[in-house]
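Take a look at the letters that make up each chain.
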Amino acid sequence: MDENVVFNPPSQNNQETQQPPEAPSGEDPNVPTPDTTDEAVPDDQAEGDGTEEEVVEEAPGGFFSGGLIKKILIGLGVFILLIIVIIILIPKGGQSNKQVTLTWWGLWEDSSTMQPLILDFEKTHPNIKITYVKEDPSQYDDQLQARIQNGNGPDIFLYHNTWLPMLISDLSPLPSSVITPDEFKQVYYPVMQQDLVQNGAIYGIPMEADTLALFVNPSLFQDASVQVPTNWDQFTQAAKSITVKDSTTGKIKTAGAALGTDNNITHWPDIVSLLFLQQGVQMNNFSSFASNESSALQFYTSFAIPSNNVWDNTLDDSILAFSKGNLAMYFGYSWDVFQIQQLNPNLNFKIYPVPNLYGKSTTVASYWVNGVSSKSPNQQEAMEFMQFLSQKSTAQELYTQTAKIRPFGELYARKDLQQSLRENQLAYPFVSQLDNAGSSFFASNTDDGDTGINTQMNNYLQTAVDTTLSNQGQAQSPVQDLDNGVTQVLQKYGQGQ
């Protein structure tokens, strides 16, 4: 690794209802009945002098006769009763009374795990049944889009946060009965507002969230008398101090960090994206930040350039090397915790936020979202289920169920639940970074198919990394080709400038 390579700070680029009159209450038995044989009172006396209480008696059968009054009161009572019955029978919250079955596609959780959530919803929505289907991640996006276009796709489905540009015509925006823009902003992190809100319309509810974090082997740090880095300068020095090479062959026996290549580094596109974001590169206006891209690519590949390298393309895949205890620093997501523990149950490791670039602690968010198919014939019922998914209690139940089968559950996508994970040293580092996270189309492990947005983007990025590495860190030409490729992909999906 070239000691003169410096990860430079980012450059500056660019309605009232009247009450009905009181009905007469009938004759007072305590008032004497006037003698009907008396002479009629003159008109000028009929009005009274205002000093005595006047007694008026209606002729039998008059408008205020007792029989008619009873009829009016009975009719009024029946009318009020009908109104009450109607109010009771009208479904609350816009619910429909028709019996429907919604198909919900997921990817990561088994039906047995999701069933408690489904039962909770069906108890309060007896007219709606949910059929959950765990799909195979392989070619998931291709199958999803084909089924939707053929009219036999799911009503609700899971999709990656970076897929909205290529799925937006297949998604229905969420009405305010599900969640309002203000509520969405209050509940979810800024990166989710950026990813899932288009022209004021919200296109999904995230049920989990994740970020790229730094996995550390404390034993290797202790052996080298090195502290866990908090910035990239410290990271570089720690990587060199921990790296051990064979004295004869120069082959790396213990690697300080896994950066620089693409063939044997888990999440390499996400790691490069981390550097791009910290350099201020805007993904929707990618080509306007060429010099920042160049700095990031040069820094990334410097870790694998002989002769001062700390990593090379002959080593085990980085997650395997870390699990074996042969790698000191590994960049990964929360699900990597489970894989590492399976590979080596005895390995002691800790998780920290990613290094920052001169105080800029941005990292990459990668998460999955539930959306409603625009082709679903059951839009109202699907939206009722989405409203259920957006509730805090639903997120807590999902975490509880998934934590029964893993060391921790699906990490919360809600800001108001972040601190509930603070005591979990394996889970909290990931959610603690969500406040400052960004997203990138260069995302790994999304299985979006050969023509998916992530695959296309990563192909261009891979070429840029390989070329920069072979050019000993010279990235100007690779950046031009990368910008052209990224622009083509973004324009295909109506993104960018």
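Heads up: these notes are all about the structure in this document. Values in this document were obtained by computation on a predicted structure and should not be read as measured data.

From N to C terminus, the protein chain includes 18 helices and 15 strands. About 24900 Å² of surface is accessible on the protein chain, with carbon and sulfur atoms providing 49% of the total.

A separate point is the sheet that holds strand 11 (residues 327-332). The strand order across the open sheet built from 5 strands is 9-10-11-8-12, with neighbouring strands paired in mixed fashion. Among the strands making up the open sheet, the edge pair consists of strand 9 (244-245) and strand 12 (350-352). Relative to strand 10 (residues 252-257), strand 9 runs antiparallel, the two sharing 2 bridges. Bridge pairing in strand 10 links V244 to T254. Contacting strand 8 (213-216), strand 9, strand 10 and strand 11, helix 9 (residues 232-242) crosses the sheet at an angle of about 140° to strand 11.

Taken together, the buried positions of helix 15 (residues 392-402) are T394, A395, L398, Y399, Q401 and T402. All buried residues of helix 15 lie within an arc of 165° about the axis, which places them on one face of the element. Among the structural elements, helix 3 (111-124) and helix 14 (379-389) are those in contact with the buried residues of helix 15.

Axis angle and axis distance: for two packed helices, these are the angle between their axes and the distance between the axes, and together they describe the pair. Contact pair helix 10 (residues 268-278) / helix 17 (residues 453-470): the axes reach a minimum separation of 11 Å and the direction vectors enclose 75°. Taken together, the axes of helix 10 and helix 17 are roughly perpendicular relative to one another. Residues W268, P269, V272 and F276 of helix 10 pack against N458, L461, Q462 and V465 of helix 17. Grouping the amino acids of the contact of helix 10 with helix 17 by side-chain chemistry returns 6 nonpolar, 2 polar and no charged.

Turning our attention to helix 10. Across the 11 residues of helix 10, 11 count as buried, placing the element largely inside the fold. The set of residues buried in helix 10 consists of W268, P269, D270, I271, V272, S273, L274, L275, F276, L277 and Q278. Just beyond helix 10, the residue with positive phi is G280, at close to 90°.

This next bit is on the nonpolar core. Membership of the largest hydrophobic core comes to 136 residues, with the highest contact counts inside it found for Y159, M192, F276, L297, M329 and F331. Here this core takes 7 residues from helix 10, the largest share from any one element.

This brings us to the pairing of strand 10. By the criterion of burial, strand 10 is predominantly enclosed, with 5 of the 6 residues buried. The turn linking strand 9 back onto strand 10 is made up of 6 residues, and G250 within it adopts a positive phi angle of 80°. The pairing of strand 10 with strand 11 spans 2 bridges and is parallel. Paired with A255 across the strands is L327, a residue of strand 11.

Another aspect to go through is the packing of aromatic side chains. The final tally for this structure, using the stated rule, is 29 aromatic pairs. With 5.0 Å between their ring centres and 70° between their planes, W104 and F385 make a pair best called edge-to-face. In this pair, W104 sits in strand 1 (residues 100-106) while F385 sits in helix 14, placing the two residues 281 residues apart along the sequence. Judged by centre distance (6.3 Å) and plane angle (85°), the rings of F215 and F322 are edge-to-face. Here the residue F215 occupies a position in strand 8, and F322 occupies one in helix 12 (residues 318-324), the gap between them amounting to 107 residues.

Before going further, it helps to examine the packing of helix 3 against helix 15. Where helix 3 contacts helix 15, the axes come no closer than 8 Å and their chain directions differ by 150°. The angle between the axes of helix 3 and helix 15 places the two elements in the roughly antiparallel class. Both helix 3 and helix 15 take part in a crossing whose hand is right-handed. On helix 15, the residues touching T113, M114, P116, L117 and D120 of helix 3 are T394, E397, L398, Q401 and T402. The class makeup of the residues in the contact of helix 3 with helix 15 is 4 nonpolar, 4 polar and 2 charged.

Here the focus is the side chain of T113. Residue placement: T113 occurs in helix 3. Those residues within four positions of T113 in sequence are excluded, and the remaining contacts are Q401, T402 and I405.

On to a nonpolar patch on the surface. A cluster of nonpolar side chains, L76, F79, I80, I83 and I84, forms an exposed patch at the surface whose accessible area comes to about 450 Å². Residue position: F79 is located in helix 2 (residues 66-89).

The final tally for this structure, using the stated rule, is 5 salt bridges. A salt bridge links K134 to D110; its shortest N-O distance comes to 2.8 Å. Here the residue K134 occupies a position in strand 2 (residues 128-134), and D110 occupies one in the loop between strand 1 and helix 3, the gap between them amounting to 24 residues. With a closest N to O distance of 2.9 Å, D316 and K324 form a salt bridge. We classify D316 as partly exposed; its relative accessible area is 31%.

Moving on, we get to unusual backbone geometry. Cis geometry marks the peptide bond from P306 to S307, where omega comes out at 5°. By the element assignment, S307 lies in the loop between helix 11 (290-302) and helix 12. With a phi close to 60°, N445 is a non-glycine residue in the positive phi region. The residue N445 is located in the loop between strand 15 (437-438) and helix 17 in this model.

Conventions we followed
- Residues numbered from 1 in each chain as written.
- Predicted model: local features only at pLDDT ≥ 70, side-chain atom pairs only at ≥ 80, totals over all residues.
- Heavy atoms only, no water.
- Helix = DSSP H or I, 4+ residues; strand = E, 2+ residues; numbered from the N terminus.
- Areas by Shrake-Rupley, 256 points an atom, 1.4 Å probe, with all protein chains shown as cover.
- Pairing = 2+ DSSP bridges.
- Contact = heavy atoms within 4.5 Å.
- Axes fitted to C-alpha atoms, helices over the stretch in contact; angles between N-to-C directions.
- Buried < 20%, exposed > 50% of the residue type's maximum accessible area, 1.4 Å probe, protein only.
- Arc of directions from axis to C-beta.
- Parallel < 35°, antiparallel > 145°, perpendicular 65-115°, else oblique.
- Nonpolar A, V, L, I, M, F, W, Y, C, P; charged D, E, K, R; others polar.
- Core = buried A, V, L, I, M, F, W, Y, C linked by side-chain atoms within 4.5 Å.
- Phe/Tyr/Trp six-rings, centres within 6.5 Å; stacked < 30°, edge-to-face > 60°.
- Left-handed = near helix turned anticlockwise from the far one by under 90°.
- Patch = residues over 30% accessible without salt bridge, like charges linked within 9 Å, V, L, I, M, F, W, Y side chains within 5 Å.
- Salt bridge = Lys/Arg side-chain N within 4 Å of Asp/Glu carboxyl O.

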